[in-house]
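Structural description and commentary
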Amino acid sequence: MKAVFLDATTLGNDLDLAPLEQATGGMVKHDATAQEQVSERIRGFDTVLVNKIVLTREHFENCPELKTIAVVATGLNNIDQEAARDHGIQVLNVTNYGRSTVAQHTMALMLALATRLLDYDRDVRAGRWAQSDMFCLMNHPIMELEGRTLGIVGYGDLGQGVAERAKAFGMNILLGARPGQSAGEVDGYPRLPLDELLSQVDVLSLHCLLTDETRNLIGARELRMMKPDALLINTSRGGLVDEAALADALRTGVIAGAGFDVLTEEPPRNGNPLLAGDIPNLIVTPHSAWASQEARQRIVEITARNLITVK
């Protein structure tokens, strides 16, 4: 195996990459690669490891030796999969590595929004508590999660992890059918058509991949179907939600709050509707839900096992 890793620093600098070195028999490692450098750097290699680098049909045509692409992540939207199939290139990815950390982050967003944690922290720092005429502040409504209904769209490993933790908080769980999925029951939880689900949930959490079918899955129409005190959480993929529609919905009180770890452009060099300063009860984190050291090390180890199977 002759392998090259194009963007190793996207995994951080605190990991043991020995499993990848052993699986590939030694690999060329680049900390980062600009898109215009990709063709030059993959030429002559039969195996390419990437995280977020985009690989296209043109790259495959210019590198006939390429046989395997190992994506050191779950999402495959940076790989032209149809072109890879046309060129007989096997594409591997990593699943079931981030259940604990992503579910933890999802619950953290949910809890922070429900308790208005950041709003109260800002009020204290602004001196509003010190100016209060009573012992506490109660100027932001607090939602108890116990007894509330959580809707989960995407009941794979991550969605299951969130369901387990939400159940421990006493929440009721409903599942939403993605486009093309049938309604029914999974693990004892009802799975409902999305239009039927939206009006019933107090919190909606998204855990599905971005595809042509799921792009803008939640838009202005769907947001209007939700309760006015509902919360929307997205720790999955930017593009699942129409961001401009969500920004308007939060400003006008169509829903009560949202927590996002993902945006359509990452990093958001060209701005984003959700980064405006006037949106109430919105938390945006920088695609960090996956990034515990433990989870990132699991990515390395699973990628190594994947590569060993194709030797």
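This section reports on the structure supplied with the text. (Residues numbered from 1 in each chain as written. Predicted model: local features only at pLDDT ≥ 70, side-chain atom pairs only at ≥ 80, totals over all residues. Heavy atoms only, no water.)

1. With respect to the pairing of strand 11 (residues 231-234)
Heads up, the condition is: With a 1.4 Å probe rolled over the protein chains alone, any residue whose accessible area is under 20% of its type maximum counts as buried; one over 50% counts as exposed, and the rest are partly exposed. We count a stretch as a helix when DSSP gives it H or I for four or more residues in a row; a strand needs E for two or more, and each element gets its number in order from the N terminus. Only strands that DSSP links by at least two bridges are regarded as paired with each other. Whether a crossover is right-handed comes down to one check: with the strands pointing away from the viewer, does the path from the first strand over the helix to the second run clockwise; if it does, it is right-handed.
Residues L231 and I233 of strand 11 are buried on one face, and the alternating residues L232 and N234, pointing to the opposite face, are buried as well. As paired strands, strand 10 (residues 203-206) and strand 11 are joined by 4 bridges and run parallel to one another. Note on strand 11: the bridge partner recorded for L206 is N234. Handedness of the β-α-β unit built from strand 10, helix 9 (residues 220-225) and strand 11 comes out right-handed. Alignment of strand 11 against strand 12 (residues 257-260), held across 4 bridges, turns out to be parallel. If you follow I233 over to strand 12, its bridge partner there is G259.

2. Brief notes about unusual backbone geometry
With omega at -5°, the peptide bond leading from E266 into P267 counts as cis. With respect to the helices, strands and loops of the structure, P267 is situated in the loop between strand 12 and strand 13 (282-284). Backbone geometry at D187 places phi at a positive 55°, although glycine is not the residue there. With respect to the helices and strands, the residue D187 is situated in the loop between strand 8 (184-186) and strand 9 (189-193). A positive phi angle, near 55°, is found at N216, a position not held by glycine. Residue position: N216 is located in the loop between strand 10 and helix 9.

3. Quick word on the pairing of strand 4 (residues 68-71)
When a strand is regular, its side chains alternate between the sheet's two faces. Burial along strand 4 is two-sided: the face carrying T68 and A70 and the face carrying I69 and V71 are both buried. Strand direction decides the pairing type here: strand 3 (residues 47-50) and strand 4, joined by 4 bridges, are parallel. By the bridge assignment for strand 4, T47 is matched with T68. Note on the crossover from strand 3 through helix 3 (residues 57-62) to strand 4: the handedness is right-handed. Sheet analysis places strand 4 next to strand 5 (residues 90-92), joined by 3 bridges and oriented parallel. Along strand 5, the bridge assignment pairs T68 with Q90. A crossover links strand 4 with its parallel partner strand 5, the connecting element being helix 4 (residues 81-86), and its sense is right-handed.

4. Topic: a nonpolar patch on the surface
Applied cut-off: In this analysis, a patch consists of residues with relative accessible area above 30% that form no salt bridge, clustered at 9 Å for like charges and at 5 Å for the nonpolar side chains Val, Leu, Ile, Met, Phe, Trp and Tyr. Accessible surface is estimated by sampling points in the Shrake-Rupley manner with a 1.4 Å probe; for residues, cover comes only from the protein chains shown. We define a salt bridge as a side-chain nitrogen of Lys or Arg found within 4 Å of a carboxyl oxygen belonging to Asp or Glu.
Among the surface-exposed residues, M134, F135 and M138 lie close enough to one another that they form a single nonpolar patch of about 400 Å² accessible area. For M134, the position within the fold is in the loop between helix 6 (117-125) and strand 6 (149-153). Judged by relative accessible area, which is 38%, M134 ranks as partly exposed.

5. Details of the side chain of D7
To be explicit about the condition: Just so you know, the count uses Lys and Arg for positive and Asp and Glu for negative, and it drops His and the chain ends. In what follows, a contact means two residues having at least one pair of non-hydrogen atoms within 4.5 Å.
Tracing the backbone shows D7 in the loop between strand 1 (3-5) and helix 1 (18-24). Notably, D7 is buried but unbridged: the nearest opposite-charge side chain belongs to K52, and the N-O separation is 7.2 Å. The contacts of D7, once residues within four sequence positions are left out, are H30, D31, A32, L49, V50, N51, K52 and I53.

6. A short note on the sheet that holds strand 5
For clarity, the cut-off: Axis definition: a line fitted to C-alpha atoms, limited for helices to the stretch in contact. Angles are taken between N-to-C directions and run from 0 to 180 degrees.
Here 5 strands make up an open sheet; going across it, the order is 2-1-3-4-5 and the pairing parallel. Two strands in the sheet have a free side with no partner beyond their single neighbour: strand 2 (27-29) and strand 5. Averaged over all adjacent pairs, the angle separating strand axes in this sheet is 15°, with direction ignored.

7. Some remarks on the packing of helix 5 (residues 99-115) against helix 7 (residues 157-168)
The line we're drawing: Angles below 35 degrees are treated as roughly parallel, those above 145 as roughly antiparallel, those between 65 and 115 as roughly perpendicular, and all remaining angles as oblique. Here is the rule for handedness: rotate from the far helix to the near one, and if that takes an anticlockwise turn smaller than a right angle the crossing is left-handed, while a clockwise turn gives right-handed. When residues are grouped by polarity, Ala, Val, Leu, Ile, Met, Phe, Trp, Tyr, Cys and Pro land in nonpolar, Asp, Glu, Lys and Arg in charged, and all others, Gly among them, in polar.
At a minimum axis separation of 9 Å, helix 5 and helix 7 run at an interaxial angle of 55°. As summarised for this structure, helix 5 and helix 7 are arranged oblique, according to the angle between their axes. Considering the relative orientation of helix 5 and helix 7, their crossing is right-handed. Across the interface between the two elements, R99, S100, V102, A103, Q104, T106 and M107 of helix 5 pack against D157, L158, Q160, G161, V162, E164, R165 and A166 of helix 7. Split by residue class, the contact of helix 5 with helix 7 holds 6 nonpolar, 5 polar and 4 charged.

8. Looking at the side chain of N306
Basically, it comes down to this: Whenever a nitrogen or oxygen atom comes within 3.5 Å of another N or O atom, the pair is scored as a polar contact, on the condition that within protein one atom can donate a hydrogen and the other can accept it, and that pairs from neighbouring residues in sequence are kept only if both atoms are in side chains.
For N306, the location among the structural elements is in helix 11 (residues 293-309). Polar side-chain contacts of N306 include one of 3.0 Å to the backbone oxygen of N93. Ignoring sequence-local partners within four residues, the contact set of N306 consists of L92, N93 and V94.

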